[in-house]
Amino acid sequence: MLGRRGSLWFLAVPPYLWLLLLFVVPLGVVAAISLLPGSGRINFGAGWPSLNHYREVLDTPAYLRRLGISVGMAFVIAAAATVLAYPIAYFLAFRARQRATVFLILLLVPFASSYLLRVMAWKLLLGREGAVNWVLTSLGLIQEPAGLLVYSQAAVVITLIYVWIPFAALPIYAALQRVDPSHLEAAADLGAGPWTRFARITIPMSLPGALATFFMVFIPTVGEYVTPSLVGGTGGLMYGNLIQDFFTRAGNWPLGSAMAVLMLLAVLVLVVVALRLVDLRRVAA
Amino acid sequence: MTAVARASRQGSAIGVGRTRVPLGLVYALMIVFLYLPIAVLFVFSFSTNTTLSFPIEGYTTDWYAAIFRNAQLLTAARNSLVVGFLAATVATGLGLAVSIAVVRFRFIGRGLLLALAGAPLVVPFIMLAVALFLLFNLLDVPRSMFTIAAGHSVIALPYATLILLSRLVGLDPAIEDAAMDLGASYPATLRRVVLPLLGPSLLSAWLTCFIVSFDEVALAVFLAGGDQTFPVFLYGQLRFAQTLPVMIAMAVLLMLGTVTLTLVAFFIRSRSE
């Protein structure tokens, strides 16, 4: 008969193996392929491992600029989605009371709606003959349809903020639910007004949750390529589009791999630095 | 009577006076902002316009009828169902194993297991897409529904683990001890006691994973090969104006399906808690 301890093997080993094969090893494969000296597909006969693809990326200002732009866009998108989701979550946690379930469900519907469909919706709204231009011209606010609202960096940013808001509201809501009301009552007893209580208790207590939310939006967005290719035009393309291109049309897998590895490193460095800064502030407080 | 006592007698969550910020209005505006684009597209799916343009010239249900004449579209939708089913089943099974191991046992590598199970959430999808694409190439695995399902099982695992973990933490381990004191083996205890208690959360986790997979496109584009899922097919068709109205109609239809599933998953979870 299998004991408790023996069962642990059957519980822990399968997920370990699965994640090793389909998560850890593949990431290692990308790193390995990025060191192949040849360009094109995978060719182990082209010579010794080399850093020439990394050098090529680092020597090409256009690539680095695109990485910088993507990080900047992801920062704006994640910050905006978090800040806009915060009042929604706050309302659900503190004001909605017994109807919180209904209001939460209202939020789940856009959350569960197809991602591509929501991107398409913005194309429909922002297009040259789209809804926004139509409304503006029929109201006589503008004579001609305003130039292309779609196919721009702004369109990518707006669309992605829109896509992420419902996703961002849920973890912030969970964080706000853990704010202990007795702390707020104690502060009130000691004479703190509503804004003081919000700034000194609610915000600090929900900050870890809000920061986690920020990163849960920021990290995937840095590598985004689907939305830019649909509403970004050429000006709104992101670093992820370059990577995708090297794996499809351009067909230079080692170079694409090097670009992907550099992106992951950049993201990791940013996350580590950000966590440091936040910790320091908490030490100072 | 103090202000606090008065307020808490009225059942206020916070206690005393509030800021004058009309949060209900802010919430209402955000909801309008979130629903409006979807609503516009929903209305547009009944429009006779063949391009993404306004105003709408007339109304028709032809696009919905055309779905059932488009064999490629139906195949892609079926592929999505198969991929979602496989990915959700694997992810929920593994998520269950991870959460039981992590919550009920102390062992070397426990923290690492939990970190690994959550890690796919914080790696940009294009990175994982490229990684799996190269892996399957090296291993000479032809790209198919199974490679997409494998990829989706990895990105769905954090969701399954999170949902099951939070439920398991709230389950009293004494129930399991009782079952074992009465002579049940540990596997039997898991099967006969823990699994039934987790039942609703398991279903909710499975549905969540299914939806994550069903809607996923960034990874699937890289791993699809000939077996396109619906989002991959849609992504490819978005450039062709003439098929656009049918695509939108189909997307609206599938969206109604995923929204329903999400609500079902939500109710199952809130009922079990």
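Definitions and limits used
All residue numbers refer to position in the chain's written sequence, counted from 1. Chains carry letters from A onward and ligands carry numbers from 1 onward, assigned in written order. Where local features are concerned, this predicted model is filtered to residues with pLDDT of at least 70; where side-chain atom pairs are given and counted, the filter is 80 or more; whole-chain, interface and lining totals use all residues. Counting from the N terminus, the helices are DSSP H or I runs at least four residues long and the strands are E runs at least two residues long. Atoms counted for the radius of gyration: C-alpha only. Globule rule: 2.2 Å times the number of residues to the power 0.38. Residues are called buried when their C-beta atom has 20 or more other C-beta atoms within 10 Å, exposed when it has 12 or fewer, and partly exposed otherwise; all C-beta atoms are positioned from the backbone. In this description, any two residues whose backbone-derived C-beta atoms lie within 7 Å of each other are considered to be in contact. Picture the helix axis, draw a direction to every C-beta atom, and the arc is the one those directions span. For this classification, the nonpolar set comprises Ala, Val, Leu, Ile, Met, Phe, Trp, Tyr, Cys and Pro, the charged set comprises Asp, Glu, Lys and Arg, and every other residue, Gly included, is treated as polar. In this entry, domain limits derive from an automatic or database-based domain assignment. Predictor confidence is given residue by residue as pLDDT, running from a minimum of 0 to a maximum of 100. An axis is simply a line fitted to the C-alpha atoms; with a helix, the fit covers only the stretch in contact. Between two such axes, the angle follows the N-to-C directions and lies from 0 to 180 degrees. Each crossing gets its hand from how the near helix is turned against the far one by less than a right angle, where anticlockwise is left-handed and clockwise is right-handed. The nonpolar core is taken to be a set of buried Ala, Val, Leu, Ile, Met, Phe, Trp, Tyr and Cys residues joined by way of C-beta atoms within 7 Å. Multiply 1.5 Å by the residue count of a helix minus one, and that product is the helix's expected span. Angles below 35 degrees are treated as roughly parallel, those above 145 as roughly antiparallel, those between 65 and 115 as roughly perpendicular, and all remaining angles as oblique.

Draft legend 1. Spotlight on the overall build of chain A. Along the backbone of chain A there are 12 helices and 0 strands. Overall, chain A shows an N-to-C arrangement of helices and strands of α-α-α-α-α-α-α-α-α-α-α-α. For chain A, whose C-alpha radius of gyration is 24 Å, the value lies well above the compact-globule estimate of 19 Å for 285 residues. Across the 285 residues in chain A, those meeting the buried criterion constitute 44%. Sequence-distant contacts, at least 24 apart, represent 70% of the contacts inside chain A between residues at least 6 apart.

Draft legend 2. Molecular detail of the overall build of chain B. Scanning chain B for helices and strands turns up 12 helices and 0 strands. For chain B, the α and β elements follow one another from N to C terminus as α-α-α-α-α-α-α-α-α-α-α-α. Taking 2.2 N^0.38 as the reference for a compact globule, 273 residues should give roughly 19 Å; the C-alpha atoms of chain B span a radius of gyration of 24 Å, well beyond that estimate. Judged by the C-alpha coordinates and their principal axes, chain B covers about 70 × 65 × 30 Å.

Draft legend 3. Region of interest: unusual backbone geometry. The backbone of D140 of chain B shows a phi angle near 60°, a positive value even though the residue is not glycine. Assignment of secondary structure puts D140 of chain B in the loop between α6 (125-138) and α7 (145-169).

Draft legend 4. Structural context of helix α8 (residues 181-189) of chain A. Residue and element names in this part refer to chain A. Considered for burial, the residues of α8 that qualify are L184, E185, A187 and A188. Each buried residue of α8 lies within a common arc of 160° when the element is viewed along its axis, so the set occupies one face. G191, located one to two residues past α8, shows a positive phi value of around 100°.

Draft legend 5. Broad picture of the environment of T161 of chain B. Residues and elements named next belong to chain B. Assignment of secondary structure puts T161 in helix α7. For the pair formed by T161 and S99, sequence separation is 62 residues and the distance between their alpha carbons is 6.0 Å. Excluding residues that lie within four positions of it along the chain, T161 makes contacts with G95, V98, S99, A117 and G118.

Draft legend 6. Structural context of the interface of chain B and chain A. Contacts between chain B and chain A engage 74 residues on the former and 85 residues on the latter. Looking at the side of chain B that touches chain A, the elements with two or more residues in it are α2 (23-44), α4 (71-104), α5 (110-118), α6, α7, α9 (186-215), α11 (230-237) and α12 (244-272) of chain B. Residue contributions to the side of chain B that touches chain A peak at 13 residues, all from α2 of chain B. Here the residues of the side of chain B that touches chain A are counted per class, giving 62 nonpolar, 10 polar and 2 charged.

Draft legend 7. Examining the domain arrangement of chain B more closely. Residue and element names in this part refer to chain B. You can read the domains of chain B as domain 1 (27-60) and domain 2 (71-272). The centre of domain 1, based on its C-alpha atoms, is set 31 Å off from the matching centre of domain 2. Counting from both sides, the interface comprises 7 residues of domain 1 and, opposite them, 7 residues of domain 2. Its residues placed into classes, the side of domain 1 that touches domain 2 shows 4 nonpolar, 3 polar and no charged.

Draft legend 8. Summary view of the confidence of the model for chain B. Residues and elements named next belong to chain B. Of all residues in chain B, 92% have pLDDT values of 70 or greater, and the mean over the chain is 84. Mean pLDDT per element in chain B: helix α1 (residues 3-9) is the minimum at 42, and α6 is the maximum at 94. Residue range residues 1-15 is modelled with pLDDT below 50. Its contacts to residues more than four positions away, or to other chains, number 21 contacts.

Draft legend 9. Summary view of the packing of α4 of chain B against α5 of chain B. Residue and element names in this part refer to chain B. Look at α4 against α5: their axes get within 10 Å of each other, and the N-to-C directions meet at 145°. The two elements α4 and α5 meet at a crossing, and its hand is left-handed. Residues V98, A101 and V102 of α4 touch α5, and the partners they reach there are R110, L113, L114 and A117. Here the contact of α4 with α5 is built from residues that sort into 6 nonpolar, no polar and 1 charged.

Draft legend 10. Molecular detail of the confidence of the model for chain A. Within chain A, residue pLDDT values average 85, and 94% of them lie at 70 or more. The weakest mean pLDDT in chain A belongs to helix α6 (residues 131-138) of chain A at 76; the strongest belongs to helix α11 (residues 239-247) of chain A at 93.

Draft legend 11. Local environment of the domain arrangement of chain A. All names here are of chain A. Its domain assignment divides chain A into domain 1 (27-59 + 252-285) and domain 2 (68-239). The C-alpha-based centres of domain 1 and domain 2 are spaced at 30 Å. At the junction of the two partners, domain 1 supplies 5 residues and domain 2 supplies 7 residues.

Draft legend 12. Highlighting the nonpolar core. With 172 residues, the main nonpolar core has A89 of chain A together with V130 and C209 of chain B as its most contacted residues. Of all the elements, helix α7 (residues 153-177) of chain A adds the most residues to this core, at 15 residues. Setting aside residues no more than four positions away along its own chain, C209 of chain B makes contact with A87, A88, A91, T92, A156, Y159 and A160 of chain B.

Draft legend 13. The arrangement of the environment of A121 of chain A in detail. Considering the arrangement of structural elements, one finds A121 of chain A in helix α5 (residues 115-126). A count of 27 C-beta atoms within 10 Å places A121 of chain A in the buried class. Separated by 142 residues in sequence, A121 of chain A and M263 of chain A have C-alpha atoms that sit 29 Å apart. If near-sequence neighbours (up to four positions away) are discounted, A121 of chain A is found in contact with P37, I38, V40 and L41 of chain B.

Draft legend 14. Up close: the environment of L67 of chain A. All names here are of chain A. Residue position: L67 is located in helix α3 (residues 61-95). Separated by 152 residues in the primary sequence, L67 and I219 place their C-alpha atoms 13 Å from one another. If sequence neighbours within four positions are ignored, L67 has contacts with Y239, M263 and A266.

Draft legend 15. Fine view of α2 of chain B. Taking 1.5 Å of rise per residue, 22 residues should cover 32 Å, and α2 of chain B covers 32 Å from first to last C-alpha, within 8% of that figure. Residues of α2 of chain B that are buried include every one of Y27, M30, L34, P37, L41 and F44 of chain B, and no others.

Draft legend 16. Examining the packing of α5 of chain A against α7 of chain A more closely. Residue and element names in this part refer to chain A. The interhelical angle for the contact between α5 and α7, taken along N-to-C directions, is 135°, at an axis separation of 10 Å. By the criterion of interaxial angle, the relationship of α5 to α7 is oblique. In the packing of α5 onto α7, the handedness of the crossing is right-handed. Here Y115, R118, V119, W122 and L126 of α5 come into contact with α7, specifically with A155, I158, T159, Y162 and V163. Within the contact of α5 with α7, the residues separate by chemical class into 8 nonpolar, 1 polar and 1 charged.

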